[in-house]
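Letter by letter, the chains look like this.
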Amino acid sequence: MKKGPIIIIDDDQDDCDLLQHIIDNIAPKSIYRFFANGQLALDYFLQTPEKPFVIFCDINMPVMSGLELYKRISENEYLRQKSIPFIFLTTSRNPGEIRKAYELTVQGYFQKPSNLEAFEDLVKSVLDYWDRCLHPNSIK
C-alpha cells in the first residue's frame, strides 16, 4: 500500500470504527486521521504537509458537509495540488447529492453496504485501485 495516512471523515463513531477495522484487515499497518466534520478536516488539510493516501468522507455531517468540504478543497490551489483521491462513502442515495458530487469531479461515490462482506469488498477494491493508480502523489 502506498504511503500516507488514510483520512476518515464521518460524524458516526461506529462507522469510523468499522471502516478502520475493515482497512486494518486489508492493510494492517495503515495510519489514520479521523475527523467528525468537514471543517476539522479542512483545517488539517490546510495546515499539514502530509499527502494522504485517500479520503473516505461522509456526506451529511454537522458544521460542514462532505460536499462543501470537497468544494472548498477544489477551490484551493494548495489542496488541489496534493491530488488526494476523495471518495464519498455514505448511507445517502440522494440523486441530487450524487449529481452534485460528480459535478464537483469527486473520484467516487459509494453507498455504505449493509453487510460486512460487501463493505469489505468495496473498501478493498477502492484501496487496490488507488494503490495501483498513477497520480501526482504516486510519482516522484
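Here is what the cut-offs are and how they apply
Throughout, a residue's number is its position along its own chain's written sequence, starting from 1. Local features in a predicted model are, by the rule used here, given only for residues with pLDDT of at least 70; side-chain atom pairs are given and counted only at 80 or more, and totals for whole chains, interfaces and linings are based on all residues. As a convention, hydrogens and water are excluded, and side-chain values are obtained from all of the structure's heavy atoms. UniProt positions are given in the numbering used here, feature names are shortened, and annotations may be inferred rather than shown by experiment. Helix and strand assignments come from DSSP, with helices taken as H or I runs of at least 4 residues and strands as E runs of at least 2, each series counted from the N terminus. Any two residues whose heavy atoms approach within 4.5 Å are treated as being in contact. Lining residues are those with an atom within 4 Å of a point, where the points come from a 1 Å grid over the protein atoms alone and group into cavities, where a 1.4 Å probe fits but cannot get out, or pockets, open sets with protein on both sides within 12 Å along at least five of seven lines. Grid points are joined across faces, edges and corners, and a volume is the space filled by probe spheres set on the points. Strand pairing is assigned whenever DSSP detects at least two bridges linking the two strands. Handedness rule for crossovers: strands pointing away from the viewer, path from the first strand over the helix to the second running clockwise, crossover right-handed. Axis lines are fitted through C-alpha atoms, for helices just across the contact stretch, and the angle between N-to-C directions can take any value from 0 to 180 degrees. Each residue's exposure class comes from its accessible area (1.4 Å probe, protein chains only) as a fraction of the maximum for that residue type: buried when under 20%, exposed when over 50%, partly exposed otherwise.

The name recorded for the chain in an unreviewed UniProt entry is Response regulator, from Pinibacter soli.

(A) Highlighting the UniProt feature "modified residue: 4-aspartylphosphate" (unreviewed entry) in the chain. According to UniProt, the positions carrying the feature "modified residue: 4-aspartylphosphate" (unreviewed entry) are D58. In this structure, D58 sits in the loop between strand 3 (54-57) and helix 3 (66-74). With sequence-adjacent residues up to four places away left out, D58 is seen in contact with I9, D10, D11, G66, F88, L89, T90, T91 and K112.

(B) Inspection of empty space enclosed by the protein at higher detail. With the rule as written, the count across this model stands at one cavity of 30 Å³ or more. By volume, the largest cavity amounts to about 60 Å³. Along the walls of the largest cavity sit I8, I9, D10, D15, L19, F56, C57, D58, L89, K112 and F119, which together make up its complete lining. Elements with a minimum of two residues in the lining of the largest cavity: strand 1 (6-9), helix 1 (13-26) and strand 3.

(C) Highlighting the pairing of strand 2 (residues 32-35). Two elements, strand 1 and strand 2, share four bridges in a ladder whose sense is parallel. Considered in strand 2, the bridge of I7 is made with R33. Crossover handedness for the path strand 1 to helix 1 to strand 2: right-handed.

(D) Looking closely at the sheet that holds strand 1. Reading across from one edge, 2-1-3-4-5 is the order of the five strands in this open sheet, with parallel pairing throughout. Two strands in the sheet have a free side with no partner beyond their single neighbour: strand 2 and strand 5 (108-111). Averaged over all pairs of adjacent strands, the angle between their axes in this sheet comes to 20 degrees, without regard to strand direction. Direction of pairing for strand 4 (residues 86-90) relative to strand 5: parallel, over a ladder of four bridges.

(E) Fine view of the environment of V126. Inspection of the secondary structure puts V126 in helix 6 (residues 116-132). For V126, a relative accessible area of 7% translates into the label buried. Considered as a pair, V126 and L79 are 47 residues apart in the sequence and their alpha carbons are 21 Å apart. Setting aside residues no more than four positions away along its own chain, V126 makes contact with F56, I87 and F110.

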